[in-house]
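Okay, here's what each chain looks like letter by letter:
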Amino acid sequence: VRLALSSVYSCLTRDHACIAWTGLSRKTPVLVFFAEAIVSKDGNIRSVGERYNLAFKIVRTESRLVRGILTSHGFHEIHPNSNDFNLMWTGSHLKPYLLRSLQDFQKVNHFPRSYELTRKDRLYKNIQRMQQAHGFKNFHIVPQTYVLPSEYQEFCSSFVKDKGPWIIKPVASSRGRGIYLVSNPNQIPVDENILVSRYINNPLLIDDFKFDVRLYVLVTSYDPVTIYLYEEGLARFATVKYDRGTKNIKNQFMHLTNYSVNKKSSDYVSCDDPEVEDYGNKWSMSAMLRYLKQEGKDTTLLMGQVEDLVIKAVLSAELQIATACQMFVPHRTNCFELYGFDVLIDSNLKPWLLEVNLSPSLACDAPLDLKIKASMISDMFSLVGEVLHSTFLLQRKKLIYRPSLLPDAEF
Ligand SMILES: Nc1ncnc2c1ncn2[C@@H]1O[C@H](COP(=O)(O)OP(=O)(O)O)[C@@H](O)[C@H]1O
Ligand SMILES: [Mg+2]
């Protein structure tokens, strides 16, 4: 599999700030989104969406950001029961009958069977399959994991060799809920559906704090697999300094880096200035990388490995999702999906994939959230080519794309 940028975006003529002409004969007008529109409320920008009578609906989720960006580009919101939409933004998977009824100009923000990536147990099983098929070391991107109760015996054999601590997670949950560390198999419930993963106990620290990285990954097609990694992300810090000893393993504020967990701590420091990206418990990823670079770390190598990890994770679910698309999705451009990848970097600068989030949080509690997420969502909609249902793929400055990451021969 090669990640193909199959058609080349070109913006040869622009008759309006928001329209780019694309396609082989440059006759397909598509809407280019601008994050600034959400604050500037520019009537010029809004008029394009209005002229094309663009409609969206939001179902089973509340996203002020998505609504704000779409309305500021002239989209109007329709009732969740109506099917007269160009774009449907939903918080969960779609039922097959709804997918089957999509028309060629309609888009939805999920692929069928995306849970093959976003359920922690399925992700691990899919990566394990790739390890067996393509070599363990080529897919050694996730911590070793056992799915309990079925693999309890295997886990106990591993435990004899590696006393941990290990980390317990519900198979499909989020925000740090139900997660805890154990140093003894007796502490693990035997009859619950849970995962037990090797705990990465040598995380890279900044100022002695553990952190992880939220990356935004857009997939616009599973056939061919087409992935965009947003160039900016968020580094999320724990609120208690890290200590490798086991006496603090119950302290979530030390071991879990979720914002939802740490915001409850009185030590959580937020930053009110969007221009300051390296202060408090949430930094921009680029600020974190600049810091590491100053410390003499090879951040180019690190990000190369992160991209490799993203591609391999998506490939591990490619077959199932592409098959589901063939069965349920009538038109090639109906689906796209934004995933939130949680990546932990260890002290050897190796990135580990912890999980892939369905519907990553678009909440903007801090100015930095808005700055990063508004640009990311705008680029996503531009890439998706929402407006006039062309099959173009647009490459914008804000997104990095390196088709040469995986040599053809590897797969
Ligand atoms: N294997 C691990 N080693 C070290 N830390 C981990 C590991 N797995 C999870 N964590 C920590 O726990 C947090 C939550 O785990 P995650 O898998 O992202 O679940 P959730 O869906 O609840 O966010 C991570 O952000 C990270 O800080
Ligand atoms: Mg997470």
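Named according to an unreviewed UniProt entry, the protein chain is Tubulin--tyrosine ligase-like protein 5 originating from Esox lucius. Recorded in UniProt for the protein chain, the comment headed Catalytic activity (unreviewed entry) runs: "L-glutamyl-[protein] + L-glutamate + ATP = gamma-L-glutamyl-L-glutamyl-[protein] + ADP + phosphate + H(+)". Among the UniProt annotations of the protein chain, the heading Sequence similarities (unreviewed entry) holds the following wording: "Belongs to the tubulin--tyrosine ligase family."

Topic: the overall build of the protein chain
In terms of helices and strands, the protein chain carries twelve helices and 18 strands. Every one of the 411 residues in the protein chain was classed for burial, and the buried ones make up 53%. Restricting the contact set of the protein chain to residue pairs at least 6 apart, pairs at least 24 apart contribute 67%. As displayed, the protein chain offers around 18,300 Å² of accessible surface, 50% of which is attributable to carbon and sulfur atoms.

Concerning the pairing of strand β7 (residues 145-148)
The side-chain alternation of β7 yields two buried faces, one formed by Thr145 and Val147 and the other by Tyr146 and Leu148. Relative to strand β10 (residues 194-198), β7 runs antiparallel, the two sharing four bridges. Bridge pairing in β10 links threonine 145 to serine 197.

Section: the sheet that holds strand β8 (residues 166-170)
In spatial order, the strands read β7-β10-β8-β9; together these four strands make up an open sheet with antiparallel pairing. Strand pairing shows two members of the sheet lacking a second neighbour, β7 and β9 (180-182), which therefore form its edges. If you compare each strand with its neighbour and ignore which way they point, the axes differ by 30 degrees on average. Judged from the three bridges that link them, β8 and β9 form a sheet pairing that is antiparallel. Bridge assignment links isoleucine 168 to a residue of β9, and that residue is tyrosine 180. Strand contacts of helix α6 (residues 120-134): β7, β8 and β10, with the helix running at about 130 degrees to β7, the strand carrying the most contacts.

Some words on the environment of leucine 353
Within the secondary structure layout, leucine 353 lies in strand β17 (residues 351-358). For the pair leucine 353 and aspartate 212, spaced 141 residues apart in sequence, the C-alpha separation works out to 10.0 Å. Setting aside its immediate chain neighbours within four residues, leucine 353 contacts Leu123, Ile127, Ile141, Val142, Pro143, Leu309, Ala313, Phe341, Asp342 and Val343.

Here's the deal with the side chain of arginine 214
On the secondary structure map, arginine 214 appears in strand β12 (residues 209-222). Once residues lying within four places of it in the same chain are set aside, the contact partners of arginine 214 are Gly233, Leu234, Arg236, Gly340, Phe341, Asp342, Asn357, Pro360 and Ser361.

A look at the coordination of the magnesium ion (ligand 2)
For a metal with four tetrahedral donors the ideal donor-metal-donor angle is 109.5 degrees, whereas six octahedral donors ideally subtend 90 or 180 degrees. Around the magnesium ion (ligand 2), the donor atoms from the protein are Asp342 (OD) and Glu355 (OE), and they sit 2.0 Å away. Of this pair, aspartate 342 sits in strand β16 (residues 337-345) while glutamate 355 sits in strand β17, and the two are 13 residues apart along the sequence. One exposure class covers both aspartate 342 and glutamate 355, and it is buried.

A word on the pattern of salt bridges
Under the counting rule described, the total for this entry stands at 16 salt bridges. Glutamate 50 is the salt-bridge partner of arginine 46, the closest N and O atoms lying 3.4 Å from each other. With arginine 46 and glutamate 50 both in helix α2 (residues 43-51) and four residues apart, the pair spans about one turn of that helix. Several salt bridges share partner residues, and in doing so they unite Asp212, Arg214, Arg236 and Asp342 into one network.

Concerning the side chain of serine 63
For serine 63, the location among the structural elements is in the loop between β3 (55-59) and α3 (64-72). Note on serine 63: relative accessible area 4%, which makes it buried. Side-chain polar atoms of serine 63 contact the backbone nitrogen of valine 66, separated by 3.2 Å. Ignoring any residue separated from it by four or fewer positions in sequence, one finds serine 63 in contact with Ile58, Trp89 and Leu362.

Description of the layout of surface pockets
Estimates place the volume of the largest pocket at around 1,100 Å³. Residue lining of the largest pocket: 45 residues in total, with Arg175, Ser359, Pro360, Ser361 and Leu362 positioned closest to the centre. Among the elements that line the lining of the largest pocket, the one with the most residues is β17, at four residues. Of the residues belonging to the lining of the largest pocket, the class tally is 15 nonpolar, 15 polar and 15 charged.

Brief notes about the site of ligand 1
In the vicinity of ligand 1 there are 23 residues, among which Lys120, Lys169, Gly176, Thr257 and Asn258 approach most closely. Among the cavities detected, the one that contains ligand 1 is the largest cavity. Elements that contribute at least two residues to the shell around ligand 1 include exactly β8, β12, β16 and β17. Grouping the amino acids of the shell around ligand 1 by side-chain chemistry returns eight nonpolar, six polar and nine charged. In this structure, the shell around ligand 1 is formed jointly by two domains, domain 2 (115-140 + 204-383) and domain 3 (144-199), each of which donates at least three residues.

Parameters and conventions
Residues numbered from 1 in each chain as written. Chains lettered and ligands numbered in written order. Predicted model: local features only at pLDDT ≥ 70, side-chain atom pairs only at ≥ 80, totals over all residues. Heavy atoms only, no water. UniProt positions renumbered as here; feature names shortened; annotations may be inferred. Helix = DSSP H or I, 4+ residues; strand = E, 2+ residues; numbered from the N terminus. Buried < 20%, exposed > 50% of the residue type's maximum accessible area, 1.4 Å probe, protein only. Contact = heavy atoms within 4.5 Å. Areas by Shrake-Rupley, 256 points an atom, 1.4 Å probe, with all protein chains shown as cover. Pairing = 2+ DSSP bridges. Axes fitted to C-alpha atoms, helices over the stretch in contact; angles between N-to-C directions. Donors = N, O, S within 2.8 Å, 3.2 Å for Na, K, Ca; no water. Salt bridge = Lys/Arg side-chain N within 4 Å of Asp/Glu carboxyl O. Polar contact = N/O pair within 3.5 Å; in protein donor to acceptor, adjacent residues only side chain to side chain. 1 Å grid on protein atoms, 1.4 Å probe; cavity = no way out; pocket = protein on both sides within 12 Å on 5 of 7 lines; lining within 4 Å. Points joined across faces, edges and corners; volume = space filled by probe spheres on them. Nonpolar A, V, L, I, M, F, W, Y, C, P; charged D, E, K, R; others polar. Near = heavy atom within 4 Å. Sits in = over half its atoms within 2 Å of the grid points. Domains from an automatic or database assignment.

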